[in-house]
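Results of the structural survey
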Amino acid sequence: MADVSVKQLAETVGAPVDRLLKQMQDAGLAHKSEDEMVSEDERQTLLGFLKRSHGESAEAPKKITLKRRSTATLKAGQGRSGRNVSVEIRRKRTYVKGGDVGDEQKAAAQDAGPSQSELEAKRIREEDTARKDAEEQTRNVEAERKADVARKAEEERIAAEQLARQQEEQRAAEEATKTEEPNKPAETAADIQAKEQAAEKGGKRVKGKEKDRKPPNAGRGDGKNRRRELSLKSERRTRRKQPRHRQAPLQVDQQGGEFKPTEFISREVEVGELNSVGDLAQNMAVKAGEVIKTLMGLGVMATINQTIDQDTATLVVEEMGHKVVHVSDDVLEEQHVASLQIEGDIVGRAPVVTVMGHVDHGKTSLLDYIRKTRVTTGEAGGITQHIGAYSVETPAGAVTFIDTPGHAAFTSMRARGARITDIVILVVAADDGVMPQTEEAIQHAKAAEVPMIVAINKIDLEGADPERVTNELSAKEVVPEEWGGDTQFVKVSAITGEGVDTLLESIVLQAEILELGAIEEAPGHGVVVESRLDRGRGPVATVLVQNGTLQQGDIVIAGECYGRVRAMLDDNGNPTKTAGPSEPVEVLGLNGTPAAGDDFSVVSDERSARELAEFRSDKSLEHRQALQQASKLENMFANMAEGEKRVLKLVIKADVRGSLEAIVQALAEIGNDEVSVQVLGSGVGGISESDATMAVTYGAVVFGFNVRADKSAKLQLEREGIDLRYYSVIYELLDDVKSVLSGMLSPEVREEIVGVAQVRDVFRSPRFGAIAGCMVIEGNVVRNKPIRVLRDNIVIYEGELESLRRFKEDVNEVRNGTECGIGVRNYNDVRSGDQIEVYDTKEVAREL
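In this report, we go over the structure that sits alongside the text.

Rules of the game
Residues numbered from 1 in each chain as written. Predicted model: local features only at pLDDT ≥ 70, side-chain atom pairs only at ≥ 80, totals over all residues. Heavy atoms only, no water. Phe/Tyr/Trp six-rings, centres within 6.5 Å; stacked < 30°, edge-to-face > 60°. Helix = DSSP H or I, 4+ residues; strand = E, 2+ residues; numbered from the N terminus. Buried < 20%, exposed > 50% of the residue type's maximum accessible area, 1.4 Å probe, protein only. Core = buried A, V, L, I, M, F, W, Y, C linked by side-chain atoms within 4.5 Å. Pairing = 2+ DSSP bridges. Axes fitted to C-alpha atoms, helices over the stretch in contact; angles between N-to-C directions. Salt bridge = Lys/Arg side-chain N within 4 Å of Asp/Glu carboxyl O. Disulfide = S-S within 2.5 Å.

Let us now look at the packing of aromatic side chains. In this structure the tally under the stated criterion is two aromatic pairs. Arranged with centres 5.3 Å apart and planes meeting at 70°, the rings of Phe703 and Tyr727 form a pair that is edge-to-face. On the criterion of sequence distance, the pair formed by Phe703 in strand S29 (residues 701-705) and Tyr727 in strand S30 (residues 724-727) is long-range, its members being 24 residues apart. Side by side, Phe703 and Tyr727 carry an identical accessibility label, which is buried. Between Tyr797 and Tyr827 the ring centres are 4.5 Å apart and the planes differ by 15°, which places this aromatic pair in the stacked class.

Below, the structure written as structure tokens:
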């Protein structure tokens, strides 16, 4: 710190200048005016003077004393009978500042208190005292436990002696009253000995435990005398007469005060993919040591907590005489699916309708008109558009509409196998005709195998041409009933309401044809329509009940999420307690936001729901990792099962209609009985996110002909590992598809004869057995190649060479016209005149 003036120091310490000058003069400093400078040493001198004047030591503290108190727990005794004893440990430690200490300071330290060594010794004595107290308390507890055990053992021994005495008296009474029966077999000495052992078992355990204790009331001598008396009586009874034959009693073992049978019981043991030794022993009701002993006999060293595979566990269970029941990894899922199989009375339900079409073709206007004209204020079945699902009451019955924004959610639902949609309404504008998104909606409906109803909208406009729309849809294989097809065409106007009643009647008619039904008196089961994270309510899921009844308070699992239903809101936003089939509700209480299209169902308890959700989460992660590798175009053929027709799935987008039709027609002609091409989706324009979703869902490859993918579609394809390829020449696209299909064909295996050697003589070698002395008559004999032994032009053995020598030297190849010695591995029946044929196998790729 730099030097400061007296005035500055006075302002720093908050004291008057005159008072500070007087204190500095008393401390021996020669400062008289406020402008004089004060150094660091002078300030320390002033500080020491002020401390001494106030009765404090001017020096820094020489020692610091620390105290700590902690509590520990000691276990007294062993096993379940032991008890935990709390012990308080007090520690005290003094730290003395290092450095040279003068005699006066040492004397002052001695006067101030004990030294560090004395404090350390005192701390050790306190710890020894605490430890001795704890040991004394432990010994007292152990003594009490031993006394209890000894008392119980004495009671068991006395009970066993009383039982033996009663059996002896009963046996003597029966012998006194029975008559002579010489034809029956006599009781053997083994039977008598077995009975004596049954009576003496009660004292065995007491004898083993009293060996170390020796309590004063053990009474061990009385037991010996009693057993000797029983033995003498048995011998006299055997010599006196031959009693009738009695079945020996069941051998028992007294453990823990219970009689347990020692006869073997075969059990059904569940064996999964991975099993711990402890769990396996528990399922077989044996000790873990027995299982470890069996594993050691099989050559496997394992501990009680180590896991073994399914094959090893099967061998262990069968070795110990139990029956194996294999359990798959999907046991949780299988049990959950089995719990959903319910029986009951099937009642009719409302149809579930999804409206699809181009964004500018009046889909929203048509839904708004249906909502405005068919919903009565205050009645059940009212709608709120934000929920995404609502019900409409019609004269012919109720209809449930699902508002799925975009086609991605719809594709995900169909891919997961959830039949959330019963009918699809395809909205097409009469003045615009079939658009690319209309074609995409047709492809989705056909892939999902859902019946369609075509609503030709905007017929009130001047440029409306319903006939052109009908012709364009017929070209897309959507043929109206008037033309001999199976699709209903309805002309509507969302502005005037013309044809809306006919459209609703068509929906009800199609629902009657489908004969939709559900079991109402059952636990709820259905599909998640959409989900979101609400800021005030947490995860909110919009679900559609398909079967059973969902009630407030039920425990629900939806995909990888689970929870208890805390509240439910109907499509009006009003709280409700129950929801039946085909009723959409908002559910609060899940621990996350499930994906659109996930199944939900009611389970019995929260534990099973949590286990199943965690199991699904792990499986989903494994599936995503495997899907990235499986979707690669180069590895596509590796996923095909043997004997099945292998199909290459494609999603194709082109710049113009002519090129697209030419590509699709050319791809349809490529293939044979083993491989083929399936075009899942095609269209004109850039590759959109919906195309990427379809490719991800069905495991297809995306081809772009003179078009490119937008940013969102490209990111999705890269994230899921789906191949995306661009082409500008149609022949390059067809050549790539042919090469991929050729790679998916099974390769052809061809054999090529390398050389032939004729056996001239056979020699015996102690190392290799029979050695054939040969002459190479064709080609070359090469080592490490498969061979055949021919006798009279008939193949009698196939194997490989073990040795190939020429003049006692190992060689790798012997040419034509050269003698050599050949040793055939694992074959010694080589004779003179045989031929050894060396060949090679090659896999030749097949082409279309």
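In this section: the nonpolar core. Counting 23 residues, the largest nonpolar core has Val353, Leu366, Ile370, Phe401, Ile425, Leu503 and Ile507 as the members making the most contacts within it. Contributions of two or more residues to this core are made by strand S12 (352-357), helix H12 (363-374), strand S13 (389-394), strand S14 (397-402), strand S15 (423-429), strand S16 (452-457) and helix H16 (500-514). In terms of residues, this core owes the most to one element, H16, which gives five residues. Core analysis: the second largest hydrophobic core is formed by 21 residues, Ile663, Leu667, Val701 and Tyr727 among them.

This part is about the sheet that holds S12. The six strands are arranged S13-S14-S12-S15-S16-S17 in an open sheet whose pairing can be described as mixed. Two strands close off the open sheet at either side, each with one partner strand: S13 and strand S17 (488-491). Going across the sheet, the axis of each strand differs from the next one's by a mean of 30°, ignoring polarity. Sheet topology note: the S12/S14 ladder contains three bridges and is parallel. Bridging across to S14, Val353 finds its partner in Phe401.

So, on to the pattern of salt bridges. All told, the structure shown has 28 salt bridges when counted by the stated rule. Salt-bridge contacts for Glu439 lead to Lys476; the nearest nitrogen and oxygen are separated by 3.4 Å. Placement of Glu439 in helix H14 (residues 436-448) and of Lys476 in the loop between helix H15 (466-475) and S17 is noted, with a sequence separation of 37 residues between them. Through salt bridges that share partners, Glu751, Arg788, Glu798 and Glu837 make up one connected network.

Note that strand S31 (residues 748-765) and strand S39 (residues 835-844) share 10 bridges and pair antiparallel. Bridge pairing links Glu752 to Asp840 in S39.

Backbone geometry places Ala285, a non-glycine residue, at a positive phi of 60°. Here Ala285 lies in the loop between helix H8 (277-284) and helix H9 (288-297). Here Glu515, not a glycine, exhibits a phi torsion of approximately 55°, which is positive. Examined against the element boundaries, Glu515 turns out to sit in the loop between H16 and strand S18 (517-519).

Two strands in a sheet stick together by hydrogen bonds in their backbones, pointing the same way (parallel) or opposite ways (antiparallel). One closed barrel accounts for six strands, arranged S19-S20-S25-S23-S22-S26; its pairing is antiparallel. On average, adjacent strands in this sheet sit at an angle of 45° to one another, irrespective of strand direction. Of the pairings in the sheet, the one linking strand S23 (residues 561-569) to strand S25 (residues 583-590) comprises four bridges and is antiparallel in character. Bridged to Gly563 within S25 is Leu590.

Okay, the state of the cysteines next. Within the structure shown, the criterion is met by zero disulfides. With no disulfide of its own, Cys774 lies 5.4 Å from the sulfur of Cys820, the closest cysteine sulfur. Taking the relative accessible area as the measure of exposure, Cys774 reaches 2% and is therefore buried.

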